[in-house]
Amino acid sequence: MKVFRILFLGVFIGAAVGLWLGVNIGREMPLLSNPFYKESLNEKLKRLSGETLEKSGRALEKTGQELQDKLNK
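Note that the structure is a prediction, hence the values are computed from the model and not measured.

Visitor: Before we move on, can you summarise the layout of surface pockets with the specific residues and values?
Guide: Its boundaries defined by the atoms lining it, the largest pocket holds a volume of some 270 Å³. R27, E28, M29, Y37, K38, E39, K44, R47 and E51 together form the lining of the largest pocket. Tallied by class, residues from the lining of the largest pocket come to two nonpolar, no polar and seven charged.

Written out as C-alpha cells, the structure reads:
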C-alpha cells in the first residue's frame, strides 16, 4: 500500500508539473512563468507590432542588399 501511495503521488506531481510546463510551451512563454497569466490586448498588440516591424526591416534590408549586388555586377 505504501508503494502504491508513493507511485500515485509521483504520478500526480509529474502530471501537475507537466501541465504547467505544457501550457507555457503552448503559449510561447517562459517555462517557469504563471500559466494563468492573461496577456492584455495592449501588450499583445505591442509585441506583435514589434515582431512585424522587425521582420519587415529584415526583408527590406535583404532586398536592398540584393539590389546593390545586381547593380555592382
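Visitor: How would you explain the side chain of S33 if you had to name every residue and give the values?
Guide: Within the secondary structure layout, S33 lies in the loop between α1 (2-26) and α2 (41-72). For S33, the contacting residues outside a window of four places in its chain are W20 and N24.

Visitor: Describe a nonpolar patch on the surface, naming the residues involved and giving the relevant values.
Guide: Where nonpolar side chains cluster on the molecular surface, the patch consists of M1, F4, F8, L9, F12, I13 and V17 and spans about 830 Å² of accessible area. Inspection of the secondary structure assignment puts I13 in helix α1. Residue I13 is classed as partly exposed on the basis of its relative accessible area, which comes to 46%.

Visitor: Tell me about the pattern of salt bridges, and please be specific about residues and values.
Guide: Overall, the coordinates contain two salt bridges when judged by the stated rule. Across the salt bridge formed by E51 and R47, the nearest N and O atoms sit 3.6 Å from each other. Taken as a pair, E51 and R47 lie in helix α2 at a separation of four residues, close to a single helical turn.

Visitor: Got a sec to walk through α1? Specific residues and values, please.
Guide: End to end, α1 covers 36 Å across 25 residues, agreeing with the expected 36 Å (1.5 Å per residue, within 8%). Trailing α1 by a residue or two, E28 shows a phi angle of about 55°, which is positive.

Cut-off values and rules
Residues numbered from 1 in each chain as written. Predicted model: local features only at pLDDT ≥ 70, side-chain atom pairs only at ≥ 80, totals over all residues. Heavy atoms only, no water. 1 Å grid on protein atoms, 1.4 Å probe; cavity = no way out; pocket = protein on both sides within 12 Å on 5 of 7 lines; lining within 4 Å. Points joined across faces, edges and corners; volume = space filled by probe spheres on them. Nonpolar A, V, L, I, M, F, W, Y, C, P; charged D, E, K, R; others polar. Helix = DSSP H or I, 4+ residues; strand = E, 2+ residues; numbered from the N terminus. Contact = heavy atoms within 4.5 Å. Patch = residues over 30% accessible without salt bridge, like charges linked within 9 Å, V, L, I, M, F, W, Y side chains within 5 Å. Areas by Shrake-Rupley, 256 points an atom, 1.4 Å probe, with all protein chains shown as cover. Salt bridge = Lys/Arg side-chain N within 4 Å of Asp/Glu carboxyl O. Buried < 20%, exposed > 50% of the residue type's maximum accessible area, 1.4 Å probe, protein only. Expected span 1.5 Å × (residues − 1).

From the geometry alone we can't say anything about function, so treat these as descriptive.
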